[in-house]
Structures are given as structure tokens and as C-alpha cells.
Amino acid sequence: MKEVYLGLGSNKGERISFIEKAVSEIGHLPGTKIFTRAGIYETEPWGNIEQDDYLNTVIGINTTMKAEDLLKELKRIEKHIGRMENKKWSEREIDIDLLFYGDDIIDNDNMIVPHGHIDKRRFVLVPMNEIAPDLIHPVFKKSISQLLDSTTDNLKVFKYKLSNTEK
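Procedures and definitions
Residues numbered from 1 in each chain as written. Predicted model: local features only at pLDDT ≥ 70, side-chain atom pairs only at ≥ 80, totals over all residues. Heavy atoms only, no water. Core = buried A, V, L, I, M, F, W, Y, C linked by side-chain atoms within 4.5 Å. Buried < 20%, exposed > 50% of the residue type's maximum accessible area, 1.4 Å probe, protein only. Helix = DSSP H or I, 4+ residues; strand = E, 2+ residues; numbered from the N terminus. Contact = heavy atoms within 4.5 Å. Patch = residues over 30% accessible without salt bridge, like charges linked within 9 Å, V, L, I, M, F, W, Y side chains within 5 Å. Areas by Shrake-Rupley, 256 points an atom, 1.4 Å probe, with all protein chains shown as cover. Salt bridge = Lys/Arg side-chain N within 4 Å of Asp/Glu carboxyl O. Pairing = 2+ DSSP bridges.

Asks: Where do I start with the nonpolar core in this structure?
Replies: When a protein is soluble and globular, its nonpolar side chains tend to lie buried together. Within the largest apolar cluster, 29 residues are counted, with the highest numbers of intra-cluster contacts made by Leu 6, Leu 8, Ile 26, Leu 70, Ile 96 and Leu 98. Those elements giving two or more residues to this core turn out to be strand 1 (2-10), helix 1 (15-27), strand 4 (54-63), helix 2 (67-81) and strand 5 (95-101). Apart from the residues within four sequence positions on either side, Leu 70 is in contact with Val 4, Leu 29, Ile 61, Thr 63, Met 65 and Leu 98. Tyr 5, Phe 123, Ala 132 and Ile 144 belong to the second-largest nonpolar core, a separate cluster that totals 18 residues.

Next comes the structure, spelled out in C-alpha cells:
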């Protein structure tokens, strides 16, 4: 069983609905159980800034799935929810990133884990810090809270307030 962290984001269409559907489908993957979940944060876009703000969150799962199989399932879930292929760092209905897979370091043609930009993304570090501040990044050998304190990313990240009509 691996402890895994996933980042979820949406800035197109029914953002909350897309995130909730993704969380639900991830929770139904074989051998997988969600054990923690951060709040939802509204964040400025990273990379390509000419787009709408994102909603982002991070969830922690325990899974028996191999990293490669999990990544395939995450991509399948994205497509099922309605993600359209688009340019890198462009708007999207749903994006699910494999942030950490235990303390494994994976670098091949299919994936880089831990995710390659965690230390440069407040929209990942802030929700990660909410649920796993003491998690040690296996490459940088620093905790999430230390990475958050030292990040050079100054984009705004705010806790998102759900309206009564959103769940």
C-alpha cells in the first residue's frame, strides 16, 4: 500500500462539479482509499496567465496500484469527466496530477514523480501544507512547510468559500 498525494484543478466550466466528480471516481479505484483532503483554493493561473482563475485541492490516497497504472487511471478519469486536449498550461475542465507516490522517485518518459514543479507552485504547496505539512519531499529533503516558506511563487492562493448551492 502506497501513500499518494494528488493535485486536482479546474478553471473551465463547472469547476466544483469537475473536482467533486474526480474525487469520487478516484475514491472508487480498485485498492484505493482516500484518507485526507485539503480545502478548495482559488488560485491565479500559473504558466499561461491569460485565462480564468483555478480551483485547486490536494487529496491523499492509499493505494495498491502501481504508479504507472494509477497515472493511466487518472488520465482516464480526466477524459471521462470531459477534459479536452489542449496546450500545456492552458485552461482545462479537470487536471489531476500525481504529486507524490510514497517516497518513490520516478523519472521516465511517462512520468516524473514527485511532480517536477511542486516547489514552484503555491497552488500545490498551500493545500499540501494544510494536510501534510511534515511530509518530506524525497528529492529536496525538505518538508512541505519548508518548501512553502521558501517558494519564489508569489501568485495569490485563497481558501474558496462554497456557496449554499455548491457542494
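Next comes the rest of the account.
Asks: I keep staring at a nonpolar patch on the surface and nothing clicks. Help me out?
Replies: A surface patch of nonpolar side chains, about 270 Å² in accessible area, is lined by Ile 105, Val 139 and Phe 140. Here Val 139 lies in the loop between helix 3 (122-131) and helix 4 (144-150). Owing to a relative accessible area of 44%, Val 139 belongs among the partly exposed residues under this scheme.

Asks: Would you take a moment to explain the pairing of strand 4 for this structure?
Replies: The side chains of a regular strand alternate between both faces of the sheet. Where burial is concerned, most of strand 4 is hidden: 9 out of the 10 residues are buried. Pairing of strand 1 with strand 4 involves 9 bridges; the strand directions are antiparallel. For Gly 7, the partnering residue across the bridge sits in strand 4 and is Val 58. Note: strand 2 (residues 32-37) against strand 4, 5 bridges, orientation antiparallel. Bridge pairing in strand 4 places Thr 36 opposite Gly 60. The sheet contact formed by strand 3 (residues 41-43) and strand 4 spans 3 bridges and is antiparallel. Directly across from Thr 43, in strand 4, lies its bridge partner Tyr 54.

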